[in-house]
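Below, each chain spelled out in residue letters.
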Amino acid sequence: MPNTPDWSAIRKDFPILDQDVHGKRLIYFDNAATSQKPRAVIDALSRYYERDNANVHRGIHELSQRATEGYEGARERTAKFINAPKSCEIIFTRGTTEGINLVANSWGGANLKSGDVILLTEMEHHSNIVPWQLLAQRTGAKLRYVSVTGDDGLLDLSQLDPLMRPDVKLFAFNQVSNTLGTVNPAKELCAKARALGITTLVDAAQSIGHMPVDVQDIGCDFLVFSGHKMCGPTGIGVLWGREELLEKMPPWQGGGDMISSVDFFESRWNTLPHKFEAGTPDISGPIALHAAMDYLDAIGRDKIFAHDQELAAYAYNRLKEIPHLRTFGPASGRSGLVSFVLPEVHAHDVVTLADHRGLALRGGHHCNQPLMRKLKVNSTARASFYFYNTMDEIDRMIEILAEIQQYFSRGS
Amino acid sequence: MDLDELYKEVVLDHCRRPRNFGEMPDADVHVHGDNPSCGDEITLHVKFGANRDLGEVMFTGNGCSLCMASASMMTQKIKNKPRANAESLWTSLHDMLTAREEPKELDDKLGDLQVLIGVRKFPMRVKCATLPWQALKQALEEKNSA
Ligand SMILES: Cc1ncc(COP(=O)(O)O)c(C=O)c1O
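The structure displayed is predicted, hence computed values, not measured ones. (Residues numbered from 1 in each chain as written. Chains lettered and ligands numbered in written order. Predicted model: local features only at pLDDT ≥ 70, side-chain atom pairs only at ≥ 80, totals over all residues. Heavy atoms only, no water.)

## Observations regarding the environment of A:L289
Residues and elements named next belong to chain A.
Part 1 of the reasoning: Tracing the chain through its elements places L289 in helix α10 (residues 284–299).
Part 2 of the reasoning: Relative accessible area serves as the criterion here: at 0%, L289 is assigned to the buried category.
Part 3 of the reasoning: A C-alpha to C-alpha distance of 19 Å links L289 and I100, two positions 189 residues apart in sequence.
Part 4 of the reasoning: Residues in contact with L289, not counting those within four places in the same chain, are G227, M230, G232, P233, I236 and V238. (Helix = DSSP H or I, 4+ residues; strand = E, 2+ residues; numbered from the N terminus. Buried < 20%, exposed > 50% of the residue type's maximum accessible area, 1.4 Å probe, protein only. Contact = heavy atoms within 4.5 Å.)

In structure tokens:
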């Protein structure tokens, strides 16, 4: 590939990776939970607090102006990052979870009634299930699910037409599954929904930092993501929605900044995006997120995706060398993670034993309990990669897993 | 090394060959316990004897080695024993795992359960080892109200 990024130089941008854990070189394979942060993002945060900190939209002094410019500049940067037509369609949230709850409360409360159907998939994160369950309880709407085919972790697309009956009002699904690594055909799914007048929400938590994401190309109505999985800080996320939908939605929280005028008995709402941003927001978060977006684009998200896929394919093939190891998710075309069950060793024990060898994995149900029940497994270990990970680290993981198996079979 | 204290051979043995593992359709109570954060789940099946003491005890489920070993050893220690015995075992085990100071000497009545002392150094894993005991506590309470 021309202009292949110098991945080993890029790795040096992440100060946290340069350390030993339990006396062993840290191998961080829990990127699907949260990514590490490059120096540029850490610096943006401290620069903001050292030089520019003030409240936004309220003061007219110099610092307030700088803070406001930083905050609103981040909104414009975000619009460009996902190719949103307008920056007023970018709402800052605490993360993916809050974005989904906002849509469920505001759009859902105003648009759903008893008997309407919310279509989800069996591979959704709890944060894209529970808010809809709460909404269903409030409105009498019902949930329906697109099935996952089995351990290979694909959506059963043959069901789509029969499931998308006229009672379906919303289809919410993830672009990349955090447990299976499946990359869903978001564009195709949205096109089908749109043709039937179904509103769509794309959970881009696992895709946003790993591949180019273009809301106009995908053709969705809402898209949500978290900053912390894409090199940004925790506590900041984004909801994008089509302007005409956001305009008609009622606010979901009241307070400062979201009003244009307040009377003792009623108020008028501020314009977009402020209508949905009540109170003093996280200001340093968007500013650091801006730095993260610049950082990712300097590398190139298409290159990151290609590299992710290489790492995941390599890990998948190497894991398959272990006899009887069970993997989840598609054999090819997966994003940068692999979930697996090591024979005879429970995922928790794998994670504890790996940790003592410096390897950070995740074990559990990955906030996908219904899916795990369906796959008849109560927890898996998951290795999730980012561009700073290396093939050598994957080789080391395979060695560690062999050591763990051996350790666990002693005395038997 | 700490890990060897956590994964003693007794633990691995109970995990590989859990004792009193299996269904008990005619149990007086079936109590389900799970760790929502990690997916460990076990069900305890208990028959009560006279004076609400414990009779047969079995368990089913799926969990990590610590959870399975703790459940397996627990059933051995409590079945066909007075309920007061089960309650005081639970108190001793709980103290052993969570008391701020590492206990100077371990309660003899814990017997094999003493091997779980290694869990102290792994605070994230304490709930794995105590899950079966939470279920037991619930089983005893249910019997109380019955
Ligand atoms: C697919 C998916 N959706 C939603 C979330 C929730 O993100 P957050 O906890 O940042 O709100 C996650 C995070 O684990 C995820 O992987």
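## Examining the pattern of salt bridges
All names here are of chain A.
Part 1 of the reasoning: Under the defined criterion, the tally for this structure stands at 36 salt bridges over all chains.
Part 2 of the reasoning: In this structure, R75 engages E72 in a salt bridge whose closest nitrogen and oxygen atoms are separated by 2.8 Å. Placement of both R75 and E72 in helix α3 (residues 62–81) is noted, with a separation of 3 residues, approximately one turn of the helix.
Part 3 of the reasoning: Each of R77, D294, D297 and R301 takes part in salt bridges that share partners, so that together they form one network. (Salt bridge = Lys/Arg side-chain N within 4 Å of Asp/Glu carboxyl O.)

## Considerations on the site of the ligand
Residues and elements named next belong to chain A.
Part 1 of the reasoning: Surveying the vicinity of the ligand reveals the residues T96, T97, H125, S127, N178, D203, A205, Q206, S226, H228 and K229.
Part 2 of the reasoning: Here S226 contributes a side-chain N or O atom positioned 2.6 Å from an oxygen atom of the ligand.
Part 3 of the reasoning: In isolation the ligand exposes 400 Å². Once the protein is present, 84% of that is buried.
Part 4 of the reasoning: For the shell around the ligand, the class distribution of residues is 1 nonpolar, 8 polar and 2 charged. (Near = heavy atom within 4 Å. Polar contact = N/O pair within 3.5 Å; in protein donor to acceptor, adjacent residues only side chain to side chain. Areas by Shrake-Rupley, 256 points an atom, 1.4 Å probe, with all protein chains shown as cover. Nonpolar A, V, L, I, M, F, W, Y, C, P; charged D, E, K, R; others polar.)

## With respect to the domain arrangement of chain A
All names here are of chain A.
Part 1 of the reasoning: Here chain A is described as being made up of domain 1 (7–30 + 301–411) and domain 2 (42–297).
Part 2 of the reasoning: Listed by partner, the interface residues are 33 residues for domain 1 and 35 residues for domain 2.
Part 3 of the reasoning: Between domain 1 and domain 2 we count 3 salt bridges in total.
Part 4 of the reasoning: Across the salt bridge formed by D151 and R326, the nearest N and O atoms sit 2.8 Å from each other.
Part 5 of the reasoning: Linking domain 1 with domain 2 are 20 residue pairs in polar contact (both at pLDDT 80 or more).
Part 6 of the reasoning: The set of elements that each furnish at least two residues to the side of domain 1 that touches domain 2 consists of α11 (301–319), β13 (326–328), β14 (337–341) and α13 (369–374). (Domains from an automatic or database assignment.)

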